[in-house]
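Breakdown of the fold
Residues per chain, in single letters:
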Amino acid sequence: MNNNEIVDLLRQIADMLEIKGEVIYKTLAYRRAAESIESLGRDLREVWQEGKLREVPGVGAALEAKLDELFRTGRLAYYERLQEEVPAGVVSLLAIPEVGPKTARLLWSKLGLLSVAEVEQAAKQGLLRKLPGLGERSEQRILAGIESLYRRSDRIPLGVAWPVAVELMAALDAAISPDRIETAGSLRRMRETIGDIDLLAAAKDTAAVTAAFARLPQVAEVLGQGPTKASVVLHNGLQVDLRVLEPPHWGAALQYFTGSQAHNVALRELAQKQGLSLSEYGFRQGEQEIACPTEEEVYERLGLAWVPPELREDRGEIAAAREGRLPDLVTLAQIKGDLHLHSTWSDGAATVAEMAEAALRRGYEYLVISDHTHSLGVANGLTWERMQAQRAELAEVQARFPALRLLQGAEVEIKADGSLDFPDELLAQLDVVVASLHSGLRQEGEQITARALQALRNPHVDILGHPSGRLLGQREASALDLGEVIRAAAETGAILEVNSIPDRLDLDDAHVREAIRAGVRIAINSDAHSVAGLDSLRYGVATARRGWAEAAHVVNTLGAAELLALLARRGGSGG
DNA sequence: GCCGTTTTCGGCCCGACTGTTTTCAGTCG
């Protein structure tokens, strides 16, 4: 059982318990444990082998015993008993918006409905309105919920949502210029994927802002519009929710609507212990209302330092904020160069000179041209002969752009047998070697892990590119054992990449954090295949920030000389 | 079922909205 399967299982148990009508806190305990395991960044089985399950937040004696049973036998008797009480079909009804545990149970016990399709049919026959507590309106809402379930698209990558949000905020600003406008929700936290785009604005006349928003040319359909809230669908199909409030409530509201939910719950528990009640309007102490015009004031009143949105996942940031040990997160401005990008020599759209000029415009000190190597034929990968020709061109371009240190690297194929595309003596002549897996991604865990380890142990290899190989929404991560990879990187001093392509963001946030804990350095690279692709770096930086990365953990915050010295210390390449 | 900056037992987040209701239950974020 891997982490994902265990997380799914725990969430299913939580749903079943809720449908059964178990005390809600038991349900919440399972959900909390599931979230905690989801963001663990390492294989739970390893934690179990080390006998440290209890150190995972949200895992107590009872869950430790259940997880132990799962790992030992691959089964869980408790779950199997629950399944007999609550069929999987009932749980599946929870996917319908408007249907919660109580309604699901009702639909099952009174009508025997066990699938979304059966509920749809029953609703169309007018059977739901006869149930106790439901009426005609509820029946219509459930039908509408099923409709939206059918047409609901998957979560969209951060890199798709972000530019759309920026454009919308500019358009709203031009139309009516509210006092404040800001992203909220998972977008502000820079999660790798986003459900809906959440925006927040502050203005005296809130209704004027929602009205102006609904009239923006980007809007295709207005789902709902009131004085403080508007929900729309854009022409590109994305849903956007805008909330507008009066300026004195800005801080509390921004905090509240940024989430995450788990983070907010933890803050409220903290408030309660101090005799306060916290909501999106501010604090309340008895009859006294305490508005918070800024987010800082919300945290300050709780005795906490302001927490960067990327950390607000209830993964230990609240304790860190209390104890003054929040990380000083790496910023885009601290990045001094890009170590992985492509040119027209392989499958890039821009020439070396165009990329160099674009890098200078972004204030970089150095740039590593790291085109594909020959095994990756589809990408026009370079033979060693072409590498030498490219080196001559790099020298010419370097002469034209003296302010930029132009380095020659390569994204070298790790072949199916674990060997690399160039022999060591040639790798040694490159400034930076990124080694990547592009083929054999479906190999068994042991085999593909062995390939990656072989590459990491080669002293000429500096960076492991997009380690997991996942493509968000398209391809699962390979069976690569990232725990092993992180250990090997820690031993050998190899660097792990955070690839900034919006579909990759690989390493992900949880593994960035795990790598940093293990003392591994990371490189945040654009893997750009065009000039515009360089700008994806912000998403890689965001992912690293979500993994608690500081500048000291990120090699491309170093100057060129320091970076090359670091690479040279490790082994063959580097100058 | 978890957990300890008032607790190893008794707590465990807040408000809006909606619908079926005469004061509340369910769902959602």
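Everything here concerns the structure above.
Residues take numbers from 1 onward in each chain, read along the sequence in its written order. For this description, chains carry letters from A and ligands carry numbers from 1, given in the order in which they are written. Local features in a predicted model are, by the rule used here, given only for residues with pLDDT of at least 70; side-chain atom pairs are given and counted only at 80 or more, and totals for whole chains, interfaces and linings are based on all residues. Processing note: side-chain calculations cover all non-hydrogen atoms of the structure and skip hydrogens and water entirely.

Our next topic: the pattern of salt bridges. Salt bridges are identified by distance alone: a Lys or Arg side-chain nitrogen within 4 Å of an Asp or Glu carboxyl oxygen. Tallied over the full model, the rule gives 30 salt bridges. Across the pair Glu120 and Lys124 runs a salt bridge whose closest N-O atoms are separated by 3.2 Å. Placement of the pair is Glu120 and Lys124 together in helix α8 (residues 116–124), with a separation of four residues, close to one helical turn. With a 1.4 Å probe rolled over the protein chains alone, any residue whose accessible area is under 20% of its type maximum counts as buried; one over 50% counts as exposed, and the rest are partly exposed. Relative accessible area serves as the criterion here: at 59%, Lys124 is assigned to the exposed category. A cluster of three or more residues bridged by salt bridges with shared partners is formed by Arg42, Glu46, Glu50, Glu484 and Arg487. A helix here means a DSSP run of H or I that spans at least four residues, while a strand means a run of E at least two residues long, and both kinds are numbered starting from the N terminus.

On to the sheet that holds strand β16 (residues 495–499). One requirement defines pairing of two strands: DSSP has to find at least two bridges between them. Strand order in this open sheet of seven strands is β11-β12-β13-β14-β15-β16-β17, and the pairing throughout is parallel. Of all the strands in the sheet, just β11 (337–341) and β17 (522–525) have a single pairing partner and so form its edges. The pairing of β11 with strand β12 (residues 366–372) spans three bridges and is parallel. Residue pairing in the sheet places Gly337 in a bridge with Tyr366 of β12. The contact definition used throughout considers only heavy atoms, calling two residues in contact when any of these lie within 4.5 Å. A fitted line through C-alpha atoms represents every axis, and for helices the fit uses only the stretch in contact; the resulting angles, taken between N-to-C directions, go from 0 to 180 degrees. Contacts from helix α18 (residues 384–400) reach β12 and β13 (405–413) within the one sheet, and its direction differs from that of β13 by about 155 degrees.

A few words on helix α4 (residues 61–73). An expected span of 1.5 Å times one less than the residue number is assigned to each helix. With 13 residues, α4 extends 18 Å between its outermost C-alpha atoms, agreeing within 8% with the 18 Å of an ideal straight helix rising 1.5 Å per residue. For α4, every residue scored as buried is listed here: Leu63, Lys66, Leu67, Leu70 and Phe71. Seen from one end, α4 has its buried residues packed into an arc of 135 degrees, which puts them on one side. Where α4 is buried, its residues meet α1 (3–20), α2 (24–38), α3 (44–49) and α5 (77–85). Phi turns positive one or two residues past the end of α4, at Gly74, with a value near 75 degrees. What the arc describes is the spread of directions from the helix axis to the C-beta atoms.

Looking now at the pairing of strand β6 (residues 229–234). Along β6, five of the six residues are buried, which leaves the element largely enclosed by surrounding structure. Judged from the five bridges that link them, strand β5 (residues 219–225) and β6 form a sheet pairing that is antiparallel. The partner of Glu221 across the bridge, within β6, is Val233. Bridge count for β6 against strand β7 (residues 239–245) is five bridges, and the pairing is antiparallel.

Let us now look at the sheet that holds strand β8 (residues 277–279). Ordered by their spatial adjacency, three strands build an open sheet running β8-β9-β10, and the pairing between neighbours is antiparallel. This sheet does not close on itself; its edge strands, each paired only once, are β8 and β10 (288–290). Neighbouring strand axes in the sheet, compared pairwise and without regard to direction, differ in orientation by 25 degrees on average.

On to helix α24 (residues 560–570), then. Side chains of residues three or four places apart in an α-helix project in the same direction, reflecting 3.6 residues per turn. Ala560, Leu563, Leu564, Leu566, Leu567 and Arg570 are the residues of α24 that are buried. Down the axis of α24, the buried set is contained in an arc of 155 degrees. They therefore lie on one face. In α24, the exposed positions that point more than 90 degrees away from the buried face belong to Ala561 and Arg569.

With that out of the way, let us pick up the packing of aromatic side chains. Stacked, edge-to-face and tilted labels apply to pairs of Phe, Tyr and Trp rings (six-membered ring for Trp) whose centres lie within 6.5 Å, assigned for plane angles under 30 degrees, over 60, and everything in between, in that order. Under the definition given, this model contains four aromatic pairs. Seen from their ring centres, Tyr30 and Tyr78 are 6.5 Å apart, and the 15 degrees between their planes marks the pair as stacked. With Tyr30 in helix α2 and Tyr78 in helix α5, this pair connects stretches of sequence that are 48 residues apart. Of the two residues, Tyr30 and Tyr78, neither departs from the other in class, the shared state being buried. Throughout this description, the term charge over a ring refers to an Arg CZ or Lys NZ atom that lies within 6 Å of the ring centre and within 35 degrees of the ring normal. Geometry around Tyr78 places Lys66 over its ring, the cationic atom sitting 4.3 Å from the centre. In this structure, Arg513 packs its charged tip against the face of Trp548, placed 3.9 Å from the ring centre.

Bringing unusual backbone geometry into the picture now. Here Gly259 and Ser260 are connected by a cis peptide whose omega angle stands at -5 degrees. Turning to its location among the elements, Ser260 is positioned in the loop between α13 (250–258) and α14 (261–273). Backbone geometry places Asp314, a non-glycine residue, at a positive phi of 55 degrees. Note that Asp314 resides in the loop between α15 (295–301) and α16 (317–322).

Moving on to the protein's contact with DNA strand B. Around DNA strand B sit 40 residues, and of these Gly60, Glu98, Thr103, Gly135 and Arg268 come closest. Any residue with a heavy atom lying within 4 Å of a molecule or strand is counted as near it. Among the atoms of DNA strand B close to the protein, meaning within 4 Å, 76% are from sugar or phosphate groups. The side chain of Arg137 places a nitrogen or oxygen atom 3.5 Å from a phosphate oxygen of DNA strand B. At the level of elements, α2, α4, α7 (101–111), α9 (136–151), α14 and β8 are the ones that each hand at least two residues to the surface near DNA strand B. It is α14 that provides the largest number of residues to the surface near DNA strand B, a total of five residues. Across the surface near DNA strand B, the residue classes break down as 18 nonpolar, eleven polar and eleven charged. Think of a polar contact as two N or O atoms within 3.5 Å of one another; within protein, one of them needs to be a possible hydrogen donor and the other a possible acceptor, and neighboring residues in sequence only count if both atoms come from side chains. The nonpolar class holds Ala, Val, Leu, Ile, Met, Phe, Trp, Tyr, Cys and Pro. Asp, Glu, Lys and Arg form the charged class, and all remaining residues, Gly among them, are polar.

Before going further, it helps to spend a moment on the environment of Ala359. Checked against the element boundaries, Ala359 lands in helix α17 (residues 352–361). Since its relative accessible area comes to 0%, Ala359 is described here as buried. Distance in space between the C-alpha atoms of Ala359 and Leu534 is 7.9 Å, their sequence separation being 175 residues. Discounting chain neighbours no more than four positions away, the residues touching Ala359 are Tyr364, Leu367, Leu404 and Leu534.

Below, the discussion takes up the side chain of Glu46. Among the structural elements, Glu46 can be located in helix α3. Not counting chain neighbours up to four residues away, the residues in contact with Glu46 comprise Asp481, Gly483 and Arg487.

What follows deals with a nonpolar patch on the surface. Here the term patch refers to residues with relative accessible area over 30% and no salt bridge, with like charges joined within 9 Å and nonpolar side chains (Val, Leu, Ile, Met, Phe, Trp, Tyr) within 5 Å. Per-residue and other accessible areas were derived by the Shrake-Rupley procedure at a 1.4 Å probe size, with only the shown protein chains allowed to occlude residues. Taken together, the side chains of Ile24, Tyr25 and Leu28 define a hydrophobic patch exposed on the protein surface, amounting to about 320 Å² of accessible area. Within the secondary structure layout, Ile24 lies in helix α2. For Ile24, a relative accessible area of 37% gives the class partly exposed.

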